[in-house]
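Coordinate inspection notes
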Amino acid sequence: MNSIRVRLGVLGLALLTGFTTPTAASAAQAAPSPTVEEQRLGRAAPQEILRRSGFDTAAPRLARALEGARSYGEARRAVTREGARLWQRAVDRAHGRGPAGGDLSRDDDRPLYWARLGMTRDVRTWEPEFGLTDGQRAALLDELERASRGQDAIRYPHGTGLKRILLTGFDPFTLDRDIRISNPSGATALALDGTVIETADGPARVETAVFPVRWQDFTDGTVERALRPHLPKVDLFTTVSQGRVGRFDIERTNGAWRGGFGDNENIGRTGTVPVSDPASQPQWTTTTLPYAAITAAQTGRFPVYDNTSVTEIPAGATESVVRPDGPTPGSTARAGGGGDYLSNEIAYRATLLRDRLGLHGTLPGGHVHTPVLQFAPGNTTEVTDPEFVRNRLDIIAQVRAILKVAAETS
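What comes next concerns the included structure. The numbers attached to residues start from 1 for each chain and follow its sequence in the written order. Totals for whole chains, interfaces and linings use all residues, but because this is a predicted model, local features are given only for residues with pLDDT of at least 70 and pairs of side-chain atoms are given and counted only at 80 or more. In computing side-chain values, all of the structure's heavy atoms are included and hydrogens and water are not.

Details of the sheet that holds strand β13 (residues 332-335)
Short version of the rule: Strand pairing follows a simple DSSP-based rule, namely that at least 2 bridges must link the two strands. A helix here means a DSSP run of H or I that spans at least four residues, while a strand means a run of E at least two residues long, and both kinds are numbered starting from the N terminus. For helices, the fitted axis covers only the stretch in contact; all axes are lines through C-alpha atoms, and the angles between them, taken along N-to-C directions, range from 0 to 180 degrees.
On the basis of which strands lie adjacent, the open sheet formed by three strands has the order β12-β11-β13 and antiparallel pairing. Every interior strand has two partners, whereas the edge strands, β12 (321-323) and β13, have only one. Put simply, the sheet's adjacent strands are angled 45° from each other on average, direction ignored. Here three bridges tie strand β11 (residues 310-313) to β13, and the two strands are oriented antiparallel to one another. Considered in β13, the bridge of glutamate 312 is made with alanine 333.

With respect to the sheet that holds strand β1 (residues 163-170)
Hydrogen bonds between backbone groups are what pair the strands of a sheet, and the pairing can be parallel or antiparallel. Put simply, the test is: Residue contacts are defined here by distance: any two heavy atoms, one from each residue, within 4.5 Å place the two residues in contact.
Taken together, the seven strands give an open sheet; going across it, the order is β2-β3-β1-β4-β14-β5-β10, and neighbouring strands pair in mixed fashion. Looking at the sheet topology across the chains shown, the edges are occupied by β2 (196-199) and β10 (304-307). Taking the axes of each pair of neighbouring strands and ignoring which way they run, one obtains an average angle of 25° across the sheet. Both β1 and strand β4 (residues 236-242) contribute to a ladder of four bridges, which runs parallel. Residue pairing for β4: leucine 166 is matched across the bridge by phenylalanine 237. Packing of helix α12 (residues 386-409) onto the sheet brings it into contact with β1, β2, β3 (202-211), β4, β5 (248-251), β10 and β14 (365-370), and relative to β2 it is tilted by some 50°.

As for the pattern of salt bridges
Opposite charge on two side chains lets them pair, provided their charged atoms get close. We apply this condition: Any carboxyl oxygen of Asp or Glu that lies within 4 Å of a side-chain nitrogen of Lys or Arg is treated as forming a salt bridge with it. Here's how the labels work: a residue is buried when its accessible area is under 20% of the maximum for its type, exposed when over 50%, partly exposed in between, all with a 1.4 Å probe on protein chains only.
For the coordinates displayed, the defined rule picks out 34 salt bridges. Residue arginine 214 is joined to glutamate 37 by a salt bridge in which the shortest nitrogen-to-oxygen separation is 2.8 Å. Placement of the pair is arginine 214 in the loop between β3 and α8 (215-219) and glutamate 37 in helix α1 (residues 36-39), with a sequence separation of 177 residues. Classification of glutamate 37 as buried rests on a relative accessible area of 1%.

In structure tokens:
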């Protein structure tokens, strides 16, 4: 592969940000090293997950396409095509379409995550003979991220009589604690994408997308860019993430605060959630999901709670306190019901976008926290086990049941 030279550095760089319209390539610029997130690919568990799902072919396929590219335009078309192919392949696998590619359970979200990282690593370290500017490389990475996460594949059938539901999930995270981790919200997004839920009011079509666990992507507006075209057209939306052990939570209130916990690049951010027009930014946003109906319904084996707790600095005070019944007037956010990490932030951003679009009173939307996806007791080394699979399938089924209740009572 003469036009591709991969160079592994000791230290990974954070994901390139500030994506801009690419300019014409000038002198060739040195390719950056793989990121912290991409460097985890070399460990045994990710390689096993890719091999046992057949997704170990995705990155080499893109690498071959890049090797054959003779211009930036050809490279961009290849990146878009292969990113979309990866997303569709993951959705098809989750839906039982096509070959399984190995013995790993079809409901597993991890092959998509690790295969995408292999692809972004190849784009990041690619050094074509025709030269590539930093802006062009950033645009290729942006295109790959969007296409491989389903963010630009959200499409609903035309016509009436069909409700439209939008759901988002997340990548696995806390991988330095356990590299085997799966995220049930990402698995749910794959399992439900393009499916139809039959409700008492008629069919409801679900479209989904997955987001990274990286502060900088959120700062760059990835949530708003993906959701803004669709919120005015859907009947219901929910952001979903992994939350507490053994329970679902419908998060009543979201806070405008980042608590600093490290993301998948091992980078922390602390401060007010950065959004456009900060002068009009509220400290809190609220769910418009029918939480009372959801928590009262029998949706699965895990209990579902209406979580009203927040952490705030009361008006006129300097120390934070926990408020079990929600924020008090004039308070400053320090944690929403869903905490102060990216789960809370995606809920805050999505519901703030809903409100800024003038949809608070008409569009049901909010955040659902799933139970933590657990391995069987005693499994500290294997990448999967029967209880792990059962837990994930039960969480997926219960999210689907929650959507049904929400659609019927909204």
